[in-house]
Amino acid sequence: MVAVSPDSGIGCVNAVGEGLEVEVDPDQFHRVLVNLCRNAIQALEGNEADQPSVVRRITIAARQEVDGETLVIVEDTGPGLPERARENLFKAFTGSVRSGGTGLGLAIAAEIVEAHGGRITLADGTTPGARFEIRLPSRSSLGAAAATVPIT
Ligand SMILES: Nc1ncnc2c1ncn2[C@@H]1O[C@H](COP(=O)(O)OP(=O)(O)OP(=O)(O)O)[C@@H](O)[C@H]1O
Ligand SMILES: [Mg+2]
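Parameters and conventions
Residues numbered from 1 in each chain as written. Chains lettered and ligands numbered in written order. Predicted model: local features only at pLDDT ≥ 70, side-chain atom pairs only at ≥ 80, totals over all residues. Heavy atoms only, no water. Helix = DSSP H or I, 4+ residues; strand = E, 2+ residues; numbered from the N terminus. Buried < 20%, exposed > 50% of the residue type's maximum accessible area, 1.4 Å probe, protein only. Areas by Shrake-Rupley, 256 points an atom, 1.4 Å probe, with all protein chains shown as cover. Near = heavy atom within 4 Å. Polar contact = N/O pair within 3.5 Å; in protein donor to acceptor, adjacent residues only side chain to side chain. Contact = heavy atoms within 4.5 Å. Core = buried A, V, L, I, M, F, W, Y, C linked by side-chain atoms within 4.5 Å. Pairing = 2+ DSSP bridges. Axes fitted to C-alpha atoms, helices over the stretch in contact; angles between N-to-C directions.

> Which residues make up the overall build of the protein, and what values do they have?
Looking only at helices and strands, one finds three helices and five strands in the protein. Listed N to C, the secondary structure of the protein is β-α-β-β-α-α-β-β in terms of helices and strands. Evaluated residue by residue, the protein yields a buried proportion of 35% over its 152 residues. A total of about 8800 Å² of accessible surface is found on the protein, and carbon and sulfur atoms cover 50% of it.

As structure tokens, then:
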């Protein structure tokens, strides 16, 4: 989905449960994952000079929870979210603390997830790095209210 140069040393782990299906708009949900993965890559690449020996890895996991919700996790082994970024996370134009960043990536991701009746959070992981969690409602709870909103 996103360009990771082979010599970047960044590994990608697909930990999505076998046969898992989610009911989402494919293009929009693709955008969510691209935005999260792009951030992860930027964080991992930015960290390379400071900590060249550290493992650089992105893990994407997804599974169905007991309550029927689907949990999607995008996690990386980068430096984690800077304190300043946490303050306005998911808010358009105000969240970026990166030079050249517009601060739209997470805001768009949140809007799409919410249009699907779900929610996205930054999880406080026990491991270093950043961990974003998306919870999508179970199919049976999807009604007209979950109709997706086009993002331009
Ligand atoms: N995986 C991550 N690791 C570390 N910091 C992150 C991560 N994801 C987001 N951030 C921080 O959150 C800020 C907001 O992210 P967001 O994607 O909304 O905007 P951006 O990446 O700066 O700009 P854009 O996505 O519009 O190009 C980033 O500037 C970065 O500081
Ligand atoms: Mg971004």
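Here the narrative resumes.
> Which residues make up the site of ligand 1, and what values do they have?
The environment of ligand 1 is formed by 20 residues, the closest being Asn 39, Asp 76, Ser 96, Thr 102 and Leu 104. Separating a nitrogen atom of ligand 1 from a side-chain N or O atom of Asp 76 is a distance of 2.8 Å. Interatomic distance of 2.8 Å between a side-chain N/O atom of Thr 102 and an oxygen atom of ligand 1. In the complex, 89% of the free accessible area of ligand 1, which totals 600 Å², lies under the protein chains. When contributions to the shell around ligand 1 are tallied by element, the ones reaching two or more residues are helix H1 (26-46) and helix H3 (105-115).

> Give a description of the side chain of Thr 70 that names residues and reports values.
For Thr 70, the position within the fold is in strand E3 (residues 70-76). A relative accessible area of 5% means that Thr 70 is categorised as buried. Among residues more than four places away in sequence, those in contact with Thr 70 are Leu 20, Val 22, Arg 63, Gln 64, Ile 134, Arg 135 and Leu 136.

> Would you mind going over H3 in detail, with residue names and values included?
Burial runs high along H3: eight of the eleven residues are buried. The set of residues buried in H3 consists of Leu 106, Ala 107, Ile 108, Ala 109, Ala 110, Ile 112, Val 113 and Ala 115. Among the structural elements, H1, strand E4 (119-122) and strand E5 (131-136) are those in contact with the buried residues of H3. Trailing H3 by a residue or two, Gly 117 shows a phi angle of about 80°, which is positive.

> Help me get a handle on the nonpolar core, residues and values and all.
In this structure, Phe 29, Val 32, Leu 36, Ile 120, Phe 132 and Ile 134 are the most contacted members of the largest nonpolar core, which totals 22 residues. When contributions to this core are tallied by element, the ones reaching two or more residues are H1, E3, H3 and E5. Take this core: its biggest share by element is six residues, from H3. Ignoring sequence-local partners within four residues, the contact set of Ile 120 consists of Leu 36, Phe 90, Ala 109, Ala 110, Val 113, Glu 133 and Ile 134. Counting five residues, the second largest nonpolar core, distinct from the first, contains Ile 10, Ala 40, Ile 41 and Leu 44.

> Tell me about the sheet that holds E4, and please be specific about residues and values.
The five strands are arranged E1-E2-E3-E5-E4 in an open sheet whose pairing can be described as mixed. Only two strands of the sheet have a single partner each, and these edge strands are strand E1 (10-16) and E4. Strand-to-strand, the axes of this sheet are offset by a mean angle of 10°, without reference to chain direction. Across six bridges, E3 lies against E5 in antiparallel orientation. The residue bridging Val 74 from the neighbouring strand is Phe 132, located in E5. Here H3 sits on the sheet and contacts E4 and E5; the angle it forms with E4, its principal contact strand, is near 140°.

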